[in-house]
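Each chain, written out:
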Amino acid sequence: MSGIILGIETSCDDTAIALVDSSNQVLSSIISSQVDVHSGYGGVVPELASRAHERVFLDVLFQAFKDAELPPSAASIDAIAVTKGPGLAGSLMVGMAAAKGLSAGWRVPVVGVNHLEGHIFALDIENREIDFPMAVLVVSGGHTMIVVARSRGEYQIVGETADDAAGEAFDKVARFIGLGYPGGPEIERLARDGDPNAIKFPKAVLKDPYDFSFSGPKTAVVKFIQANPKVALADVAASFQKSVAEVLAERTLMAAIHFGCRSLGLSGGVGANEKLRVTMMELGLNAGLHVYLPSKRNCTDNGAMIAVAGRYILEKFGPSSLDIDAQPSLRL
């Protein structure tokens, strides 16, 4: 299939729409953040998220077409790709309803895309020649997993978090030490002034060597601050960030070696963390593997990754039917 794909992503708290051409060139990518909506609550409020998507959707859609210098019409696109899950039910339903309405009105096919697969396809936006098999760390506020991608569309989840996702742990630590939301960027900002070797926080050891647990390390941070109230919070942030980055990168590398992968990939919102990016790159290159890092913009939820994944699904499996439903608990 050739032509332009409209990608719609509303799985959580970002309203993201993009237009991507047949060579995966991003013609436009608009992301409307809801940080201001949820910051006072320390996390995403589902009801507020879905209402915010409804409020800004058309503005984001028209801006995407404007930036691509295309008219918002059926003549401009060949298909619509939309996130069907996993995510917040109300948020997913807003994007799904809009995609189906546009599909019916413009008479162009629609395809539902797994949000997690979209993050993996974000690597395709900037890395056209990926050396498979690849061990991909998918890490965000809601998900932390290691996926062995044998090829595009062929995945095996080999490691997951037993409790908190890495991004969730960053949020909770940030909230405890009085930082804003989302916690990851706030921890990273504070860590720039700290010593990453000042405190040795624990790394949870689980039965499966590729699984993660961040509840214990998060609690260790809280207890350390309570026992050492005069500690420099910048040192806490830098040391915790280092601990999280190392355990994520080390276990992804272990999985890559065990499963015979030729490369490492990083995706998801936490993939924008510079400490994690540097650690992944250093460990991978030292092991003789190719390392693929999307731009920081393409780590976060975006419509371009959904459009690129949608093109692959359309070409391989064809379009979805218009009775496609949102699937909040969808697995990869």
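Refer to the structure above for everything that follows.
The present account deals with the structure reproduced in this document. (Residues numbered from 1 in each chain as written. Predicted model: local features only at pLDDT ≥ 70, side-chain atom pairs only at ≥ 80, totals over all residues. Heavy atoms only, no water.)

Details of the overall build of the chain
- The helix and strand tally for the chain stands at 11 helices and 10 strands.
- The globule rule puts the C-alpha radius of gyration for 332 residues at 20 Å, and the 20 Å found for the chain is close to it.
- Principal-axis analysis of the C-alpha atoms places the extent of the chain at approximately 65 × 45 × 30 Å.
- Counting only residues that meet the buried cut, the chain has 54% of its 332 residues in that class.
- Taking all contacts inside the chain whose residues are at least 6 apart in sequence as the whole, residues at least 24 apart take part in 72%.
- Counting only carbon and sulfur atoms, one obtains 52% of the accessible surface of the chain, whose full area is about 13800 Å².
- Distance between charge centres in the chain, computed from 29 positive and 37 negative side chains, equals 4 Å. (Helix = DSSP H or I, 4+ residues; strand = E, 2+ residues; numbered from the N terminus. Rg over C-alpha atoms; globule rule 2.2 N^0.38 Å. Buried < 20%, exposed > 50% of the residue type's maximum accessible area, 1.4 Å probe, protein only. Contact = heavy atoms within 4.5 Å. Areas by Shrake-Rupley, 256 points an atom, 1.4 Å probe, with all protein chains shown as cover. Lys, Arg positive; Asp, Glu negative; His and termini not counted. Charge placed at Lys NZ, Arg CZ, Asp CG, Glu CD.)

With respect to the packing of aromatic side chains
- Throughout the structure, instances matching the rule amount to 7 aromatic pairs.
- A centroid spacing of 5.3 Å and a plane angle of 40° characterise the contact between F121 and Y312, whose relative ring orientation is tilted. You can see F121 sitting in helix α4 (residues 115–126) and its partner Y312 sitting in helix α11 (residues 303–317), a full 191 residues away along the chain.
- An aromatic cluster of three or more residues is present, and its members are F170, F201, F224 and F240. (Phe/Tyr/Trp six-rings, centres within 6.5 Å; stacked < 30°, edge-to-face > 60°.)

Observations concerning the pattern of salt bridges
- This model, assessed by the stated rule, comprises 12 salt bridges.
- With a shortest N-O distance of 3.2 Å, K172 and D164 are connected by a salt bridge.
- Assessed through its relative accessible area of 26%, K172 is described here as partly exposed.
- In this structure, R189 engages E186 in a salt bridge whose closest nitrogen and oxygen atoms are separated by 3.0 Å. (Salt bridge = Lys/Arg side-chain N within 4 Å of Asp/Glu carboxyl O.)

Re the nonpolar core
- Formed by 44 residues in total, the largest nonpolar core has its most connected members in L137, L248 and L276.
- Looking at this core, the elements that each hand over two or more residues are β6 (134–139), β7 (144–151), α5 (166–176), α6 (183–191), α7 (215–227), α8 (233–258), β9 (263–267) and α9 (274–286).
- Among the elements that take part in this core, α8 stands out by supplying 13 residues, more than any other.
- Not counting chain neighbours up to four residues away, the residues in contact with L137 comprise M145, I146, F212, L248, T252, G265, L266, S267, L276 and M280.
- In this structure, I17, I77, M96 and L102 belong to the second largest nonpolar core, which totals 23 residues. (Core = buried A, V, L, I, M, F, W, Y, C linked by side-chain atoms within 4.5 Å.)

Side note on the sheet that holds strand β2 (residues 14–20)
- Here we have 5 strands laid out as an open sheet, ordered β3-β2-β1-β4-β5, and mixed in their pairing. Each edge of the sheet is formed by a strand with only one pairing partner; in this case those strands are β3 (26–33) and β5 (110–114). With direction set aside, neighbouring strand axes in the sheet form an average angle of 20°.
- In this sheet, strand β4 (residues 79–85) lies alongside strand β1 (residues 5–9) in parallel orientation, the contact comprising 4 bridges. Following the sheet pairing, L6 is matched in β4 by I80.
- The sheet strands contacting α4 are β1, β3, β4 and β5, and the helix crosses β5 at an angle near 95°. (Pairing = 2+ DSSP bridges. Axes fitted to C-alpha atoms, helices over the stretch in contact; angles between N-to-C directions.)

Considering α8
- End to end, α8 covers 37 Å across 26 residues, agreeing with the expected 38 Å (1.5 Å per residue, within 8%).
- Within α8, 19 of the 26 residues are buried, which leaves it mostly tucked inside the rest of the structure.
- A positive phi of about 70° marks G260, the residue just after α8. (Expected span 1.5 Å × (residues − 1).)

From the geometry alone we can't say anything about function, so treat these as descriptive.
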